[in-house]
Amino acid sequence: MRHAYITQDEIRAWLKEDDEARLEDLWRRADAVRREHVGDDVHLRGLVEFSNRCVRQCAYCGLRAGNRKLVRYRMSEAEIMDCARQAMACGYGTVVLQSGEDPGIETDWIAALIRRIRSETPLVVTLSLGEQPEKDLSAWREAGADRYLLKFETSNKRLYERLHPPLKGKSGDRIAMLHTLRDIGYETGSGTMVGLPGQTFEDVVEDVELFRGLDLDMIGIGPYIPHLNTPLGRNAQRVRACDGEQVPNTDQMTCKVVALARIVCPAANIPSTTALATLNPTEGRELGLMRGANIVMINIAPLQYRVHYEIYPSRMSESDEAIRHRILTIGRKIGVGRGDSPNRLRRVRSVNAAGKI
Ligand code: 5AD
């Protein structure tokens, strides 16, 4: 456990460090922790964004209900099953079903879809369907879903509330929902955006502390990318933190948070995100993988739909072949099998050893 502990002061100092030569120490340390705890395999996930309909009004997101310019779609069960078979053919171990908060999707429809994927393919099912009631989460877990992703986006409550108008009948407490997911038995993932207007360095220190406190199994970190058809994209200047405090939405800053996430949650699965690759198309994907990440999610929804899943503009979408090439070129291997989070496996083992289920 040479590298595993880092103090809050060190986290703060790294976030403020701009000297590329000194930052090499952070990159090296994160890379060593990554190698020691999750190895050289990069697991590929097949991502199916099956509906871009959403009732929420998140101030930064292009899928927000208020964006009338977006063409909306919802894929059929048959189309999603085609994607699942394609994921299997590509050798992926996992299919990630992601959508906006689409009230037209019924709990039982999702449950039946999960059962079908589990019985007709060897794939692990990850869900990323936003904030949902406990009874639905339980039904999907029983149907065979193993993992759930729900980003808390920012640990700063005031900033969170400014960006996420509440919806009637929903608690809006994502931290509570992450605990519920864990209790139900999901492998649980969360994450943040880096460089949100109004986000300070202290906020990001707290984000990293929250990763540690929640003992996350999966952590997705991407830069905030302005979208002009959203209120935040149009008004960023007005809500920026004061100079010197505003966190930049750069690839370097995103990599720092990825590296720190790896150090505080050594055995988590951490993707090198599409948002990072979008910000730096030449080498963003590789930088993430070399600075702590061990997962890549590949979009496999049909192109005719994918172009409308516009959470932010010019979203990068690379082929399976191009992504494999990037991974192999930096000396890493393509993972085979389920690619479960070693963090969850360890937790389950220690709970069993303590004599509980
Ligand atoms: N920039 C970067 N990431 C975004 N997301 C949504 N909008 C943006 C944006 N403008 C991310 C959020 C959300 C996921 C669906 O996409 O992290 O959880």
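One structure accompanies this document, and this report is about it. All values derive from a computational prediction rather than experimental measurement.

Brief notes about the pattern of salt bridges
Here comes step 1: Evaluation of the coordinates by the stated rule reveals 33 salt bridges.
Here comes step 2: Glu-131 is the salt-bridge partner of Arg-174, the closest N and O atoms lying 2.9 Å from each other. With Arg-174 in helix H7 (residues 174-184) and Glu-131 in the loop between strand S3 (124-128) and helix H5 (134-143), the pair connects residues that are 43 residues apart, well separated along the chain.
Here comes step 3: Classification of Glu-131 as buried rests on a relative accessible area of 5%.
Here comes step 4: A salt bridge links Arg-347 to Asp-215, with the shortest nitrogen-to-oxygen separation between them at 3.6 Å. Taken as a pair, Arg-347 in helix H15 (residues 342-353) and Asp-215 in the loop between helix H8 (201-214) and strand S6 (218-223) lie far apart in primary sequence, 132 residues in all.

Observations concerning the packing of aromatic side chains
Here comes step 1: If you walk through the whole model with that rule in mind, you get four aromatic pairs.
Here comes step 2: Measuring from ring centre to ring centre gives 6.2 Å for Phe-50 and Trp-109, while their planes differ by 40°; the resulting arrangement is tilted. In this pair, Phe-50 is assigned in strand S1 (residues 41-51) and Trp-109 in helix H4 (residues 107-120), connecting sequence segments 59 residues apart.
Here comes step 3: Plain terms: the ring middles of Tyr-73 and Tyr-305 are 4.9 Å apart, the flat faces sit at 25° to each other, and that makes the pair stacked. In this pair, Tyr-73 is assigned in the loop between S1 and helix H3 (77-89) and Tyr-305 in helix H13 (residues 303-306), connecting sequence segments 232 residues apart. One exposure class covers both Tyr-73 and Tyr-305, and it is buried.
Here comes step 4: Sitting over the face of the ring of Tyr-186, Arg-141 holds its NZ or CZ atom 5.7 Å from the ring centroid.
Here comes step 5: In this structure, Arg-291 is placed above the aromatic ring of Trp-27, and the distance from its NZ or CZ to the ring centre is 3.9 Å.

Points about the side chain of Ser-272
Here comes step 1: Examined against the element boundaries, Ser-272 turns out to sit in the loop between helix H10 (251-264) and helix H11 (274-279).
Here comes step 2: Every residue in contact with Ser-272, bar those within four places of it in the chain, is listed here: Gly-284, Arg-285, Gly-288, Leu-289, Ala-293 and Ile-295.

Considering the site of the ligand
Here comes step 1: Contacts to the ligand come from Tyr-60, Cys-61, Lys-151, Glu-153, Met-193, Pro-223, Tyr-224, Ile-225, Ile-311 and Tyr-312.
Here comes step 2: Here an oxygen atom of the ligand and a side-chain polar atom of Glu-153 are 2.5 Å apart.
Here comes step 3: At a separation of 2.7 Å, a nitrogen atom of the ligand approaches a polar backbone atom of Ile-225.
Here comes step 4: Tallied by class, residues from the shell around the ligand come to eight nonpolar, no polar and two charged.

Focus: the pairing of S1
Remark: a regular strand shows side chains that alternate across the two faces of the sheet.
Here comes step 1: Here S1 lies mainly inside the structure; 10 of its 11 residues are buried.
Here comes step 2: Alignment of S1 against strand S7 (residues 295-299), held across five bridges, turns out to be parallel. Considered in S7, the bridge of Leu-47 is made with Asn-299.
Here comes step 3: Pairing geometry for S1 and strand S2 (residues 94-99), over six bridges, is parallel. Directly across from Leu-47, in S2, lies its bridge partner Val-96.

A few points about the nonpolar core
Here comes step 1: Core analysis: the biggest nonpolar cluster contains 92 residues, and Leu-97, Leu-127, Trp-140, Tyr-148 and Phe-211 have the highest contact counts within it.
Here comes step 2: No other element matches the nine residues that H10 contributes to this core.

A word on the pairing of S3
Here comes step 1: With respect to burial, S3 is a largely interior element, five of its five residues being buried.
Here comes step 2: Residue alternation in S3 divides its side chains into two sets, Val-124, Thr-126 and Ser-128 and Val-125 and Leu-127, and both sets are buried.
Here comes step 3: Of the pairings in the sheet, the one linking S2 to S3 comprises five bridges and is parallel in character. Paired with Gln-98 across the bridge in S3 is Ser-128.
Here comes step 4: In the classification by handedness, the crossover that spans S2, the intervening H4 and the parallel S3 is right-handed.
Here comes step 5: The β-α-β motif built from S3, the intervening H5 and the parallel element strand S4 (residues 147-149) has right-handed crossover chirality.

Remarks on H4
Here comes step 1: Under the 1.5 Å per step criterion, the end-to-end length of H4 is 20 Å for 14 residues, consistent within 8% with the ideal 20 Å.
Here comes step 2: Residues Ile-110, Ala-111, Leu-113, Ile-114 and Ile-117 constitute the buried set of H4. Taken down its axis, H4 places every buried residue within 160° of arc, on the same side. The outward face of H4, more than 90 degrees from its buried face, is lined by the exposed residues Asp-108 and Ser-119.
Here comes step 3: Contact partners of the buried residues in H4: S1, H3, S2, S3 and H5.

How each quantity is defined
- Residues numbered from 1 in each chain as written.
- Predicted model: local features only at pLDDT ≥ 70, side-chain atom pairs only at ≥ 80, totals over all residues.
- Heavy atoms only, no water.
- Salt bridge = Lys/Arg side-chain N within 4 Å of Asp/Glu carboxyl O.
- Helix = DSSP H or I, 4+ residues; strand = E, 2+ residues; numbered from the N terminus.
- Buried < 20%, exposed > 50% of the residue type's maximum accessible area, 1.4 Å probe, protein only.
- Phe/Tyr/Trp six-rings, centres within 6.5 Å; stacked < 30°, edge-to-face > 60°.
- Lys NZ or Arg CZ within 6 Å of the ring centre and 35° of its normal.
- Contact = heavy atoms within 4.5 Å.
- Near = heavy atom within 4 Å.
- Polar contact = N/O pair within 3.5 Å; in protein donor to acceptor, adjacent residues only side chain to side chain.
- Nonpolar A, V, L, I, M, F, W, Y, C, P; charged D, E, K, R; others polar.
- Pairing = 2+ DSSP bridges.
- Core = buried A, V, L, I, M, F, W, Y, C linked by side-chain atoms within 4.5 Å.
- Right-handed = clockwise from strand over helix to strand, strands pointing away.
- Expected span 1.5 Å × (residues − 1).
- Arc of directions from axis to C-beta.

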